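Structural overview
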Amino acid sequence: MEYRSTRGGQHVDLATAVMQGLAPDGGLFVPDSLPRMSAATFDDCHSLAEIGTRLLEPFFADSELASKLSAICEDAFNFPIPVVGVPSDEGELAVLELFHGPTAAFKDVGARFLAATMSRILETEDPDPRGPLTIVVATSGDTGGAVAAAFHQRPGFRVVVLFPDGQVSPRQQHQLTCWGGNVISLAVRGAFDNCQALAKEALQNPALNARHRLSSANSINIGRLMPQCVYYAAASLDIWRRTGRRANFIVPTGNLGNGFAAIWTRAFGLPIGDIVLSTNVNRSIADYLVSGDWRPRASVATLASAMDVGDPSNMERLKALHPEFSELGAAIQAYPVDDDEIRYQIAKDFKERGQIWCPHTATGFWAYDHLPPARRASGTWIVAATAHPAKFDTIVEPVIGQAIPVPPALARILDLPAQFAHIDPRLEALSEYLSV
Ligand SMILES: *Cc1c(COP(=O)(O)O)cnc(C)c1O
(Lines give C-alpha, C1' and ligand atoms only; values in the text may rest on other atoms or scores of the structure.)
Protein backbone atom coordinates (compact mmCIF):
# COMPACT_ATOMS: atom_id res chain seq x y z
CA MET A 1 0.00 0.00 0.00
CA GLU A 2 1.20 3.50 -0.80
CA TYR A 3 0.22 6.70 0.96
CA ARG A 4 -0.38 10.18 -0.27
CA SER A 5 -1.32 13.54 1.19
CA THR A 6 -4.99 14.55 1.18
CA ARG A 7 -3.72 17.48 -0.91
CA GLY A 8 -2.11 15.25 -3.54
CA GLY A 9 1.64 15.12 -4.12
CA GLN A 10 4.09 12.25 -4.10
CA HIS A 11 3.49 8.71 -2.95
CA VAL A 12 5.36 7.54 0.14
CA ASP A 13 5.60 4.17 1.86
CA LEU A 14 4.07 3.36 5.24
CA ALA A 15 7.27 3.87 7.24
CA THR A 16 7.75 7.34 5.74
CA ALA A 17 4.14 8.32 6.42
CA VAL A 18 4.48 7.19 10.05
CA MET A 19 7.83 8.89 10.65
CA GLN A 20 6.77 12.17 8.98
CA GLY A 21 3.35 12.38 10.63
CA LEU A 22 2.18 15.38 8.66
CA ALA A 23 2.70 15.44 4.86
CA PRO A 24 5.21 18.08 3.64
CA ASP A 25 2.37 20.07 1.98
CA GLY A 26 0.48 20.32 5.28
CA GLY A 27 -2.05 17.63 4.31
CA LEU A 28 -2.78 14.34 6.08
CA PHE A 29 -1.56 10.97 4.83
CA VAL A 30 -4.22 8.60 3.48
CA PRO A 31 -3.81 5.22 1.73
CA ASP A 32 -4.11 5.07 -2.05
CA SER A 33 -7.11 2.79 -1.87
CA LEU A 34 -9.37 1.48 0.87
CA PRO A 35 -9.28 -2.23 1.68
CA ARG A 36 -12.58 -4.12 1.25
CA MET A 37 -13.50 -6.75 3.81
CA SER A 38 -16.52 -8.38 5.38
CA ALA A 39 -17.31 -9.99 8.72
CA ALA A 40 -16.32 -13.35 7.18
CA THR A 41 -12.78 -12.02 6.61
CA PHE A 42 -12.36 -12.32 10.38
CA ASP A 43 -13.91 -15.76 10.96
CA ASP A 44 -10.74 -17.17 12.52
CA CYS A 45 -9.84 -13.98 14.44
CA HIS A 46 -10.86 -13.50 18.05
CA SER A 47 -8.39 -11.45 20.11
CA LEU A 48 -7.86 -7.74 19.45
CA ALA A 49 -4.34 -8.52 18.23
CA GLU A 50 -5.66 -11.13 15.74
CA ILE A 51 -8.42 -8.85 14.47
CA GLY A 52 -5.93 -5.96 14.26
CA THR A 53 -3.44 -8.03 12.27
CA ARG A 54 -6.09 -9.10 9.74
CA LEU A 55 -7.64 -5.61 9.47
CA LEU A 56 -4.34 -3.79 8.99
CA GLU A 57 -2.67 -6.35 6.68
CA PRO A 58 -3.62 -4.36 3.54
CA PHE A 59 -2.17 -1.17 5.07
CA PHE A 60 1.13 -2.93 5.74
CA ALA A 61 1.26 -4.80 2.40
CA ASP A 62 4.55 -4.27 0.48
CA SER A 63 6.15 -2.59 3.49
CA GLU A 64 9.27 -3.88 5.25
CA LEU A 65 7.02 -3.80 8.31
CA ALA A 66 4.53 -6.37 6.93
CA SER A 67 6.24 -9.30 8.63
CA LYS A 68 6.22 -7.40 11.93
CA LEU A 69 2.54 -6.43 11.97
CA SER A 70 1.46 -9.29 14.17
CA ALA A 71 4.18 -8.51 16.75
CA ILE A 72 3.23 -4.81 16.63
CA CYS A 73 -0.41 -5.70 17.34
CA GLU A 74 0.58 -8.02 20.22
CA ASP A 75 2.72 -5.22 21.66
CA ALA A 76 0.06 -2.48 21.23
CA PHE A 77 -3.14 -4.34 22.19
CA ASN A 78 -2.01 -5.50 25.60
CA PHE A 79 -5.09 -4.36 27.53
CA PRO A 80 -8.79 -5.26 27.15
CA ILE A 81 -11.32 -3.06 25.25
CA PRO A 82 -14.64 -4.65 26.25
CA VAL A 83 -18.19 -3.95 25.07
CA VAL A 84 -20.27 -3.77 28.27
CA GLY A 85 -24.08 -3.71 28.38
CA VAL A 86 -25.84 -0.64 29.81
CA PRO A 87 -29.49 -0.68 30.98
CA SER A 88 -31.88 1.00 28.51
CA ASP A 89 -35.67 1.14 28.26
CA GLU A 90 -35.75 0.96 24.48
CA GLY A 91 -33.18 -0.80 22.30
CA GLU A 92 -29.96 -2.57 23.16
CA LEU A 93 -27.34 -0.19 24.59
CA ALA A 94 -23.68 -0.80 25.42
CA VAL A 95 -20.49 1.07 26.19
CA LEU A 96 -17.14 0.43 24.50
CA GLU A 97 -14.64 0.88 27.34
CA LEU A 98 -11.58 2.43 25.74
CA PHE A 99 -10.01 3.44 29.05
CA HIS A 100 -8.21 0.33 30.33
CA GLY A 101 -4.77 1.40 29.08
CA PRO A 102 -1.94 2.86 31.18
CA THR A 103 -3.26 6.46 31.20
CA ALA A 104 -7.00 5.60 31.25
CA ALA A 105 -8.00 7.24 27.93
CA PHE A 106 -8.42 5.87 24.38
CA LYS A 107 -5.31 7.76 23.27
CA ASP A 108 -3.27 4.92 24.80
CA VAL A 109 -4.31 2.70 21.87
CA GLY A 110 -2.95 4.98 19.16
CA ALA A 111 0.13 5.99 21.14
CA ARG A 112 1.08 2.37 21.94
CA PHE A 113 0.62 1.26 18.32
CA LEU A 114 2.65 4.22 17.04
CA ALA A 115 5.46 3.49 19.52
CA ALA A 116 5.43 -0.22 18.61
CA THR A 117 5.56 0.64 14.89
CA MET A 118 8.29 3.27 15.23
CA SER A 119 10.38 0.79 17.28
CA ARG A 120 10.26 -1.70 14.38
CA ILE A 121 11.15 1.05 11.91
CA LEU A 122 14.23 2.00 13.98
CA GLU A 123 15.31 -1.66 14.00
CA THR A 124 15.62 -1.56 10.20
CA GLU A 125 17.86 1.53 10.24
CA ASP A 126 21.52 2.15 11.02
CA PRO A 127 22.05 3.84 14.38
CA ASP A 128 21.71 7.62 14.11
CA PRO A 129 24.87 9.50 15.16
CA ARG A 130 22.65 12.16 16.75
CA GLY A 131 21.48 9.69 19.37
CA PRO A 132 17.95 8.63 20.27
CA LEU A 133 14.88 9.65 18.28
CA THR A 134 13.34 12.46 20.32
CA ILE A 135 9.55 12.70 20.19
CA VAL A 136 8.44 16.28 20.93
CA VAL A 137 4.83 16.36 22.09
CA ALA A 138 2.78 19.42 23.01
CA THR A 139 -0.28 18.52 25.05
CA SER A 140 -3.38 20.09 26.53
CA GLY A 141 -3.82 17.09 28.83
CA ASP A 142 -4.40 13.53 27.56
CA THR A 143 -2.07 13.11 24.57
CA GLY A 144 1.19 13.82 26.41
CA GLY A 145 0.59 11.18 29.07
CA ALA A 146 -0.38 8.51 26.55
CA VAL A 147 2.69 9.24 24.38
CA ALA A 148 5.04 9.33 27.41
CA ALA A 149 3.64 6.00 28.69
CA ALA A 150 3.92 4.39 25.25
CA PHE A 151 7.56 5.39 24.63
CA HIS A 152 8.77 5.13 28.25
CA GLN A 153 11.77 2.75 28.47
CA ARG A 154 11.70 1.96 24.75
CA PRO A 155 15.33 1.72 23.56
CA GLY A 156 16.28 4.31 20.92
CA PHE A 157 13.64 6.86 21.98
CA ARG A 158 13.31 9.89 24.18
CA VAL A 159 10.15 11.94 24.79
CA VAL A 160 9.89 15.65 25.55
CA VAL A 161 6.45 16.60 26.90
CA LEU A 162 5.47 20.28 26.75
CA PHE A 163 2.39 21.20 28.77
CA PRO A 164 0.88 24.56 29.78
CA ASP A 165 1.87 25.37 33.35
CA GLY A 166 -1.14 25.36 35.68
CA GLN A 167 -3.66 24.57 32.92
CA VAL A 168 -4.05 20.81 33.16
CA SER A 169 -5.96 18.89 35.85
CA PRO A 170 -3.90 17.64 38.84
CA ARG A 171 -4.19 14.00 37.78
CA GLN A 172 -3.42 14.84 34.17
CA GLN A 173 -0.33 16.74 35.32
CA HIS A 174 0.78 13.71 37.29
CA GLN A 175 0.44 11.52 34.19
CA LEU A 176 2.65 13.97 32.30
CA THR A 177 5.40 14.18 34.90
CA CYS A 178 5.75 10.79 36.65
CA TRP A 179 7.88 8.88 34.13
CA GLY A 180 11.53 9.90 34.47
CA GLY A 181 14.12 7.87 32.54
CA ASN A 182 13.80 8.72 28.84
CA VAL A 183 10.88 11.14 29.39
CA ILE A 184 11.56 14.85 29.99
CA SER A 185 8.52 16.81 31.25
CA LEU A 186 8.48 20.57 30.88
CA ALA A 187 5.84 22.95 32.25
CA VAL A 188 5.79 25.81 29.78
CA ARG A 189 4.97 29.26 31.15
CA GLY A 190 2.12 29.94 28.74
CA ALA A 191 -0.96 28.36 27.17
CA PHE A 192 -1.34 25.20 25.07
CA ASP A 193 -0.92 27.30 21.92
CA ASN A 194 2.53 28.36 23.16
CA CYS A 195 3.46 24.70 23.71
CA GLN A 196 2.30 23.78 20.24
CA ALA A 197 4.13 26.71 18.63
CA LEU A 198 7.30 25.77 20.52
CA ALA A 199 7.08 22.12 19.40
CA LYS A 200 6.57 23.20 15.79
CA GLU A 201 9.48 25.63 15.95
CA ALA A 202 11.76 22.91 17.34
CA LEU A 203 10.70 20.35 14.71
CA GLN A 204 11.42 22.84 11.91
CA ASN A 205 14.66 24.34 13.25
CA PRO A 206 17.61 23.18 11.09
CA ALA A 207 20.31 23.77 13.72
CA LEU A 208 18.44 21.83 16.37
CA ASN A 209 17.70 19.01 13.91
CA ALA A 210 21.38 18.80 13.03
CA ARG A 211 22.10 18.01 16.68
CA HIS A 212 19.06 15.90 17.58
CA ARG A 213 16.83 13.59 15.58
CA LEU A 214 13.38 15.03 16.28
CA SER A 215 9.94 13.66 15.45
CA SER A 216 6.34 14.11 16.52
CA ALA A 217 3.51 11.84 17.63
CA ASN A 218 0.53 13.96 16.62
CA SER A 219 -2.95 12.52 16.67
CA ILE A 220 -3.14 13.07 12.91
CA ASN A 221 -0.36 10.48 12.42
CA ILE A 222 -1.70 7.56 10.37
CA GLY A 223 0.07 5.30 12.88
CA ARG A 224 -2.35 6.47 15.56
CA LEU A 225 -5.44 6.37 13.35
CA MET A 226 -5.11 2.79 12.04
CA PRO A 227 -5.21 1.02 15.42
CA GLN A 228 -8.31 2.96 16.43
CA CYS A 229 -10.16 1.12 13.63
CA VAL A 230 -9.32 -2.17 15.34
CA TYR A 231 -11.63 -1.68 18.33
CA TYR A 232 -14.55 -0.63 16.12
CA ALA A 233 -13.97 -3.75 14.02
CA ALA A 234 -13.76 -5.97 17.11
CA ALA A 235 -16.86 -4.45 18.76
CA SER A 236 -18.95 -4.68 15.58
CA LEU A 237 -17.86 -8.31 15.02
CA ASP A 238 -18.82 -9.09 18.61
CA ILE A 239 -22.38 -7.79 18.02
CA TRP A 240 -22.63 -9.36 14.56
CA ARG A 241 -21.59 -12.79 15.81
CA ARG A 242 -24.03 -12.65 18.74
CA THR A 243 -27.07 -11.03 17.07
CA GLY A 244 -26.53 -10.92 13.30
CA ARG A 245 -27.09 -7.16 13.48
CA ARG A 246 -24.96 -4.19 12.57
CA ALA A 247 -23.77 -2.14 15.54
CA ASN A 248 -24.45 1.61 15.60
CA PHE A 249 -21.81 3.80 17.24
CA ILE A 250 -21.84 7.14 19.07
CA VAL A 251 -18.38 8.71 19.32
CA PRO A 252 -17.45 11.70 21.54
CA THR A 253 -15.48 13.88 19.14
CA GLY A 254 -12.92 16.69 19.19
CA ASN A 255 -10.22 16.48 16.54
CA LEU A 256 -12.26 13.74 14.80
CA GLY A 257 -9.54 11.05 15.02
CA ASN A 258 -11.65 8.56 16.92
CA GLY A 259 -14.85 9.32 14.99
CA PHE A 260 -13.07 9.11 11.66
CA ALA A 261 -11.68 5.70 12.61
CA ALA A 262 -15.27 4.47 13.07
CA ILE A 263 -16.31 5.93 9.69
CA TRP A 264 -13.30 4.33 8.01
CA THR A 265 -13.96 0.94 9.56
CA ARG A 266 -17.50 1.00 8.19
CA ALA A 267 -16.12 2.00 4.76
CA PHE A 268 -13.84 -1.09 4.81
CA GLY A 269 -17.00 -3.22 4.97
CA LEU A 270 -17.25 -4.14 8.65
CA PRO A 271 -20.83 -4.61 9.96
CA ILE A 272 -21.40 -1.08 11.26
CA GLY A 273 -24.71 0.76 10.82
CA ASP A 274 -25.18 4.37 11.91
CA ILE A 275 -22.40 6.60 13.25
CA VAL A 276 -23.31 9.60 15.39
CA LEU A 277 -20.73 12.09 16.67
CA SER A 278 -21.24 13.91 19.96
CA THR A 279 -19.31 17.12 20.56
CA ASN A 280 -19.16 19.82 23.20
CA VAL A 281 -20.12 23.40 22.26
CA ASN A 282 -17.25 23.54 19.79
CA ARG A 283 -19.77 22.95 17.05
CA SER A 284 -17.86 23.37 13.78
CA ILE A 285 -18.68 19.81 12.69
CA ALA A 286 -22.34 19.92 13.76
CA ASP A 287 -22.92 23.23 11.98
CA TYR A 288 -21.16 22.00 8.86
CA LEU A 289 -23.36 18.91 8.66
CA VAL A 290 -26.42 21.17 8.69
CA SER A 291 -25.21 24.00 6.43
CA GLY A 292 -22.60 22.43 4.18
CA ASP A 293 -20.45 25.44 4.91
CA TRP A 294 -17.12 24.59 6.63
CA ARG A 295 -16.31 27.31 9.17
CA PRO A 296 -13.54 26.34 11.58
CA ARG A 297 -13.23 28.72 14.53
CA ALA A 298 -11.25 29.36 17.72
CA SER A 299 -11.83 26.71 20.37
CA VAL A 300 -14.02 27.32 23.43
CA ALA A 301 -13.07 25.87 26.86
CA THR A 302 -15.55 23.26 28.18
CA LEU A 303 -15.82 20.52 30.82
CA ALA A 304 -14.99 17.99 28.10
CA SER A 305 -11.63 19.68 27.57
CA ALA A 306 -10.02 16.96 25.45
CA MET A 307 -12.66 17.80 22.82
CA ASP A 308 -12.07 21.58 22.82
CA VAL A 309 -11.23 21.76 19.13
CA GLY A 310 -12.60 24.47 16.85
CA ASP A 311 -10.80 23.32 13.71
CA PRO A 312 -10.76 19.49 13.72
CA SER A 313 -7.78 18.29 11.65
CA ASN A 314 -9.32 15.03 10.50
CA MET A 315 -12.12 16.88 8.69
CA GLU A 316 -9.62 16.93 5.84
CA ARG A 317 -9.57 13.11 5.75
CA LEU A 318 -13.36 12.94 6.03
CA LYS A 319 -13.81 15.29 3.08
CA ALA A 320 -11.30 13.25 1.07
CA LEU A 321 -13.38 10.13 1.80
CA HIS A 322 -16.71 11.79 0.93
CA PRO A 323 -16.06 14.64 -1.52
CA GLU A 324 -19.84 15.07 -2.07
CA PHE A 325 -21.47 16.92 0.80
CA SER A 326 -24.78 15.09 0.31
CA GLU A 327 -23.00 11.77 0.78
CA LEU A 328 -21.17 13.01 3.87
CA GLY A 329 -24.33 14.39 5.45
CA ALA A 330 -26.02 11.03 4.95
CA ALA A 331 -23.04 9.20 6.48
CA ILE A 332 -22.97 10.87 9.91
CA GLN A 333 -24.83 13.20 12.25
CA ALA A 334 -23.45 15.30 15.09
CA TYR A 335 -25.01 16.39 18.38
CA PRO A 336 -23.42 19.34 20.25
CA VAL A 337 -23.76 19.19 24.06
CA ASP A 338 -23.14 22.11 26.46
CA ASP A 339 -21.59 22.03 29.95
CA ASP A 340 -24.94 22.10 31.80
CA GLU A 341 -26.11 19.17 29.72
CA ILE A 342 -22.85 17.31 30.44
CA ARG A 343 -23.36 17.75 34.21
CA TYR A 344 -27.03 16.82 33.88
CA GLN A 345 -26.17 13.61 31.97
CA ILE A 346 -23.47 12.58 34.46
CA ALA A 347 -25.94 13.01 37.36
CA LYS A 348 -28.80 11.29 35.49
CA ASP A 349 -26.85 8.23 34.38
CA PHE A 350 -25.35 7.84 37.85
CA LYS A 351 -28.86 7.83 39.31
CA GLU A 352 -30.81 5.98 36.62
CA ARG A 353 -28.25 3.71 34.96
CA GLY A 354 -25.86 3.24 37.88
CA GLN A 355 -22.93 4.37 35.68
CA ILE A 356 -20.24 7.02 36.11
CA TRP A 357 -19.02 8.73 32.93
CA CYS A 358 -16.18 11.14 32.26
CA PRO A 359 -17.40 14.49 30.81
CA HIS A 360 -16.49 13.41 27.25
CA THR A 361 -18.33 10.12 27.46
CA ALA A 362 -21.34 11.94 28.94
CA THR A 363 -21.81 13.81 25.64
CA GLY A 364 -22.20 10.44 23.92
CA PHE A 365 -24.95 9.28 26.28
CA TRP A 366 -26.66 12.66 25.99
CA ALA A 367 -26.74 12.14 22.22
CA TYR A 368 -28.15 8.62 22.67
CA ASP A 369 -30.94 9.90 24.91
CA HIS A 370 -31.80 12.55 22.30
CA LEU A 371 -31.97 10.27 19.27
CA PRO A 372 -35.51 9.83 17.91
CA PRO A 373 -37.04 6.96 19.95
CA ALA A 374 -37.57 4.84 16.84
CA ARG A 375 -33.85 5.01 16.07
CA ARG A 376 -32.95 4.07 19.64
CA ALA A 377 -35.28 1.09 19.48
CA SER A 378 -34.09 -0.01 16.05
CA GLY A 379 -30.91 -1.84 16.97
CA THR A 380 -27.77 -2.02 19.06
CA TRP A 381 -26.12 1.26 19.99
CA ILE A 382 -22.59 1.41 21.38
CA VAL A 383 -21.26 4.59 22.97
CA ALA A 384 -17.46 4.95 23.00
CA ALA A 385 -16.25 5.75 26.54
CA THR A 386 -13.12 7.75 25.76
CA ALA A 387 -11.70 8.13 29.29
CA HIS A 388 -12.16 6.77 32.81
CA PRO A 389 -14.09 9.21 35.03
CA ALA A 390 -11.41 8.99 37.76
CA LYS A 391 -9.18 11.02 35.46
CA PHE A 392 -11.65 13.90 35.73
CA ASP A 393 -12.47 13.48 39.43
CA THR A 394 -12.52 17.24 40.11
CA ILE A 395 -15.43 17.64 37.65
CA VAL A 396 -17.36 14.40 38.17
CA GLU A 397 -17.18 13.87 41.95
CA PRO A 398 -19.02 17.10 42.88
CA VAL A 399 -21.80 16.16 40.41
CA ILE A 400 -22.38 12.63 41.73
CA GLY A 401 -21.58 13.53 45.36
CA GLN A 402 -19.15 10.68 45.98
CA ALA A 403 -15.59 9.56 45.33
CA ILE A 404 -14.80 7.59 42.15
CA PRO A 405 -12.82 4.38 42.67
CA VAL A 406 -9.45 4.70 40.91
CA PRO A 407 -8.61 1.83 38.51
CA PRO A 408 -5.37 -0.05 39.40
CA ALA A 409 -3.33 1.12 36.37
CA LEU A 410 -4.12 4.76 37.14
CA ALA A 411 -3.48 4.26 40.86
CA ARG A 412 0.01 2.89 40.09
CA ILE A 413 0.86 6.02 38.09
CA LEU A 414 -0.50 8.38 40.73
CA ASP A 415 1.83 6.75 43.27
CA LEU A 416 4.98 7.57 41.30
CA PRO A 417 6.89 10.73 42.24
CA ALA A 418 6.49 13.67 39.81
CA GLN A 419 9.51 15.38 38.28
CA PHE A 420 9.47 18.29 35.88
CA ALA A 421 11.05 21.67 35.16
CA HIS A 422 9.55 25.02 34.23
CA ILE A 423 10.61 26.76 31.02
CA ASP A 424 9.70 29.91 29.13
CA PRO A 425 8.16 29.30 25.70
CA ARG A 426 11.45 29.95 23.89
CA LEU A 427 13.49 27.61 21.70
CA GLU A 428 16.73 28.32 23.62
CA ALA A 429 15.08 27.18 26.85
CA LEU A 430 13.85 23.95 25.23
CA SER A 431 17.17 23.21 23.50
CA GLU A 432 19.00 23.36 26.85
CA TYR A 433 16.92 20.42 28.05
CA LEU A 434 17.49 18.53 24.82
CA SER A 435 21.25 18.65 25.34
CA VAL A 436 21.37 17.02 28.79
C1 LIG B 1 -8.78 13.14 22.68
C2 LIG B 1 -10.03 12.83 23.40
C3 LIG B 1 -11.29 12.94 22.78
C4 LIG B 1 -11.45 13.44 21.36
O5 LIG B 1 -10.98 12.52 20.42
P6 LIG B 1 -10.67 12.99 18.93
O7 LIG B 1 -10.03 11.83 18.28
O8 LIG B 1 -9.76 14.18 19.05
O9 LIG B 1 -11.98 13.36 18.32
C10 LIG B 1 -12.41 12.59 23.51
N11 LIG B 1 -12.31 12.18 24.79
C12 LIG B 1 -11.13 12.06 25.41
C13 LIG B 1 -11.11 11.61 26.83
C14 LIG B 1 -9.94 12.37 24.75
O15 LIG B 1 -8.76 12.27 25.39
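1. Overview of the sheet that holds strand β14 (residues 421-423)
- One open sheet accounts for five strands, arranged β9-β6-β7-β8-β14; its pairing is parallel. Among the strands making up the open sheet, the edge pair consists of β9 (213-215) and β14. In this sheet, adjacent strand axes meet at a mean angle of 30° when their direction is disregarded.
- Here strand β7 (residues 157-164) pairs with strand β8 (residues 183-188) via six bridges, running parallel. Looking across to β8, one finds that P164 is bridged to V188.
- Packing of helix α4 (residues 107-123) onto the sheet brings it into contact with β6 (133-138), β7 and β9, and relative to β7 it is tilted by some 140°.
- The strands that helix α5 (residues 142-151) touches are β6, β7 and β8; relative to β7, the one it contacts most, it runs at about 165°.

2. Considering the state of the cysteines
- If you walk through the whole model with that rule in mind, you get zero disulfides.
- No disulfide involves C195; its sulfur sits 18 Å from that of C178, the nearest cysteine.
- For C195, a relative accessible area of 0% corresponds to the buried category.
- Here C229 is not disulfide-linked; the sulfur of C73 is the nearest cysteine sulfur, at 12 Å.

3. Concerning a negative patch on the surface
- Together, E2, D13, D32, D62 and E64 give the surface a local cluster of negative charge.
- Assignment of secondary structure puts D32 in the loop between β3 (29-31) and α2 (48-60).

4. Quick word on the site of the ligand
- Close to the ligand lie 14 residues; K107, D142, G254, N255 and T386 are nearest.
- Contacts to the ligand include K107, whose side-chain N or O atom sits 2.5 Å from an oxygen atom.
- Separating an oxygen atom of the ligand from a backbone N or O atom of G254 is a distance of 2.7 Å.
- Contact with the protein chains covers 96% of the free accessible surface of the ligand, which is 380 Å².
- Here the shell around the ligand is composed, by residue class, of five nonpolar, seven polar and two charged.

5. So, unusual backbone geometry
- The backbone of Q153 shows a phi angle near 65°, a positive value even though the residue is not glycine.
- Here Q153 shows up in the loop between α5 and β7.
- Here L256, not a glycine, exhibits a phi torsion of approximately 75°, which is positive.
- Within the element layout of this structure, L256 appears in the loop between β10 (247-252) and α10 (257-268).

6. A short note on the sheet that holds strand β4 (residues 83-86)
- Here we have six strands laid out as an open sheet, ordered β4-β5-β13-β10-β11-β12, and mixed in their pairing. Taken across any chain shown, the strands that pair with only one partner, and hence form the sheet edges, are β4 and β12 (332-336). This sheet shows a mean twist of 25° between the axes of neighbouring strands, independent of strand direction.
- Examined bridge by bridge, β4 and strand β5 (residues 92-97) share four bridges and lie antiparallel to one another. In the strand pairing of β5, V86 is matched with L93.
- Across the sheet, α10 touches β10, β11 (272-279) and β12, and the angle it forms with β11 is around 170°.
- Sheet strands touched by helix α15 (residues 359-369): β4, β5, β10, β11, β12 and β13 (380-385). Its angle to β10, the strand with the most contacts, is close to 135°.

7. Digging into the nonpolar core
- Formed by 100 residues in total, the largest nonpolar core has its most connected members in Y3, L55, F60, F113 and Y232.
- In terms of residue count, the dominant contributor to this core is helix α9 (residues 222-243) (twelve residues).
- Formed by 33 residues, the second largest nonpolar core is a distinct cluster that contains W381, V383, A387 and L410.

8. Topic: α2
- With 13 residues, α2 should cover 18 Å at 1.5 Å per step; its first-to-last C-alpha distance of 17 Å lies within 8% of that length.
- At R54, α2 shows its strongest bend, of approximately 35°, with the proline P58 following within four residues.
- Once α2 ends, the next one or two residues include D62, with phi positive near 70°.

9. With respect to the pattern of salt bridges
- For the structure shown, the criterion picks out 23 salt bridges.
- Linking R154 and D75 is a salt bridge whose minimum nitrogen-to-oxygen distance equals 3.1 Å. In this pair, R154 sits in the loop between α5 and β7 while D75 sits in helix α3 (residues 69-76), placing the two residues 79 residues apart along the sequence. Across the pair, D75 and R154 agree in class, each one buried.
- Among the salt bridges present, the one from E125 reaches R213, with a minimum N-O distance of 2.9 Å. Residue E125 is found in the loop between α4 and β6, and its partner R213 is found in strand β9; the two are separated by 88 residues along the sequence.

Conventions used here
Residues numbered from 1 in each chain as written. Predicted model: local features only at pLDDT ≥ 70, side-chain atom pairs only at ≥ 80, totals over all residues. Heavy atoms only, no water. Pairing = 2+ DSSP bridges. Helix = DSSP H or I, 4+ residues; strand = E, 2+ residues; numbered from the N terminus. Axes fitted to C-alpha atoms, helices over the stretch in contact; angles between N-to-C directions. Contact = heavy atoms within 4.5 Å. Disulfide = S-S within 2.5 Å. Buried < 20%, exposed > 50% of the residue type's maximum accessible area, 1.4 Å probe, protein only. Patch = residues over 30% accessible without salt bridge, like charges linked within 9 Å, V, L, I, M, F, W, Y side chains within 5 Å. Areas by Shrake-Rupley, 256 points an atom, 1.4 Å probe, with all protein chains shown as cover. Salt bridge = Lys/Arg side-chain N within 4 Å of Asp/Glu carboxyl O. Lys, Arg positive; Asp, Glu negative; His and termini not counted. Charge placed at Lys NZ, Arg CZ, Asp CG, Glu CD. Near = heavy atom within 4 Å. Polar contact = N/O pair within 3.5 Å; in protein donor to acceptor, adjacent residues only side chain to side chain. Nonpolar A, V, L, I, M, F, W, Y, C, P; charged D, E, K, R; others polar. Core = buried A, V, L, I, M, F, W, Y, C linked by side-chain atoms within 4.5 Å. Expected span 1.5 Å × (residues − 1). Bend = angle between axes of the 7 residues up to and from the residue.

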